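Summary of structural features
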Amino acid sequence: MLAARTGAAGSQISEENAKLRKQSGFSVAGKDKSPKKASENGKGSSLSPSGQSELRARQLALLREVEMNCYLKLCDLSSEHTTACTTGMRYRNLGKSGLRVSCLGLGTWVTFGGQISDEVAERLMTIAYESGVNLFDTAEVYAAGKAEVILGSIIKKKGWRRSSLVITTKLYWGGKAETERGLSRKHIIEEIVRAMTHVINQGMAMYWGTSRWSAMEIMEAYSVARQFNMIPPVCEQAEYHLFQREKVEVQLPELYHKIGVGAMTWSPLACGIISGKYGNGVPESSRASLKCYQWLKERIISEEGRKQQNKLKDLSPIAERLGCTLPQLAVAWCLRNEGVSSVLLGSSTPEQLIENLGAIQVLPKMTSHVVNEIDNILRNKPYSKKDYRS
C-alpha cells in the first residue's frame, strides 16, 4: 500500500520528525515482491552454505504451507480463522475495502536500519508474524531507504508467502534531489490520485491511502477520483493515543461513513511517553535523550508533559486491576475503537513487542465502565455532534 502528504510539519515537532511522519500517501503492495530487495549476488549455479540454508528454510516453509492448506480445505476452514484461534489475533477490514488486516501491525520507523541491528529486526518480524500479525509498515524515507531493504530481505529469507502479508510504504521524502521528493509524476509517476491509480493499474500496489492528510484533503482526493473514474484512497494513517484523539475519534468516523476511508493509527504509546519510562525525567539511554529527539525531550519536560505523567500515574491502578501493564492498557484502549482498522506498534526489543502484543488479551476487558474511568482521568474526550457507534 502507498501513501501521500501535503502541508508543513506541526510547530511542536521537529523538521526531521515531520519528514519521517508527514508523508503524503502510502500503498499496499500486491505483487509477490518485497518492497525493495537487497542487491543480489552474482549469477552462478552453486550455492554457498548460507544460501543452501536459506533454500532449505524456504522449502520447509512452502511444505508447511501446502500441508496446512490441505488441512484447511479438508476441514472447510480459512487460514485467517486458524491463525486467529492459534494466536488470538483479531482481523479487521481496512476501511470499507475487502482487505483484511491484523488489528496490530509492526512499524519500522526509527528502529529498522537505525536503532536496532538486522538480527533484532528479523527477530521482531518473526515474533510478530508468528503472533498473527500480517501488516508491516515502512516508508522510503525510513533510515534513508534501509528500512524497506531490511524488511524485504527478511521476508525473502524467511520464505513467507507474499500473498499472506500486507506491506505498507509511504512516499514523499524520497531523496536529496528536488525531483526525488514530493508527489509529482517525476517522483511517483504523476500527481497524487492519478499517480496512485497508475501504480495500482500497473500491479505495483493493490490499494492506496493517505498519511497525515486533513479530512478536507482526503475528501478532495475522493472527489477527484470519482469525477475522473480513478481509484480513491481506502484509509488514512494518523497518530492516535491517550493524548491525541480529535482526528481519529471525530473527523475520520465521518469520512468512514461517507466514503469508506478507514483508520490505521501509529504511536499508540506517544513515542514512548506512555511507556512509563519518563515518569521521573529523561533517562540517559532513552530515545528522548538523543540529540535528534530534542523535540521529544522538550515535550516531556514541559508543563503539559508533567500533567500527562500525572495522568499516567492515575491510570496505573486501572492497569493493575485488569492484570496488565500501562503500555498494554494504552494499546488496548486504541483497539477498543472499532473505527481503527489496525494499530501500528514500534518496538526496539523482542520483550517490548511481546508485551505490546499482549494488549490483545486486554481488549475484552475494555468495558464501557473501564473506558469511562479512563475518560474521567484524561478529561480530553473530543466532542462530536454525531454518534456513529449505532
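Cut-off values and rules
Residues numbered from 1 in each chain as written. Predicted model: local features only at pLDDT ≥ 70, side-chain atom pairs only at ≥ 80, totals over all residues. Heavy atoms only, no water. UniProt positions renumbered as here; feature names shortened; annotations may be inferred. Helix = DSSP H or I, 4+ residues; strand = E, 2+ residues; numbered from the N terminus. Buried < 20%, exposed > 50% of the residue type's maximum accessible area, 1.4 Å probe, protein only. Contact = heavy atoms within 4.5 Å. Core = buried A, V, L, I, M, F, W, Y, C linked by side-chain atoms within 4.5 Å. Arc of directions from axis to C-beta.

Looking up the protein chain in an unreviewed UniProt entry gives the name Potassium voltage-gated channel subfamily A regulatory beta subunit 1, with the organism given as Aotus nancymaae. Recorded in UniProt under Sequence similarities (unreviewed entry), the annotation for the protein chain is "Belongs to the shaker potassium channel beta subunit family." Per UniProt, the comment on the protein chain under Subcellular location (unreviewed entry) is "Cytoplasm".

Helix and strand counts for the protein chain stand at 16 helices and 11 strands. In the protein chain, which comprises 390 residues, the share counted as buried stands at 49%. Considering only intrachain contacts with a sequence separation of at least 6, the fraction spanning at least 24 residues in the protein chain is 75%.

Another aspect to go through is the side chain of Gln308. Mapped onto the elements, Gln308 comes out in helix H12 (residues 303–322). Since its relative accessible area comes to 12%, Gln308 is described here as buried. Once residues lying within four places of it in the same chain are set aside, the contact partners of Gln308 are Phe243 and Ile273.

Quick look at the nonpolar core now. Counting 90 residues, the largest nonpolar core has Leu104, Phe112, Leu242 and Ile374 as the members making the most contacts within it. For this core, the element with the most residues is helix H13 (residues 326–335), which contributes 8 residues. Ignoring anything within four residues of it in the chain, the contact list for Ile374 reads Leu242, Leu315, Ile318, Leu329, Trp333 and Met366. Counting 11 residues, the second largest nonpolar core, distinct from the first, contains Leu94, Leu99, Tyr207 and Leu344.

Before going further, it helps to spend a moment on helix H14 (residues 350–357). For an α-helix, 3.6 residues make a turn, and residues three or four places apart therefore share a direction. Within the sequence span of H14, burial applies to Pro350, Leu353, Asn356 and Leu357. An end-on view of H14 places all buried positions within 130° of arc, on one side of the element. Along its buried surface, H14 packs onto strand E5 (104–107), helix H5 (118–130), H13, strand E11 (340–345) and helix H15 (359–362).

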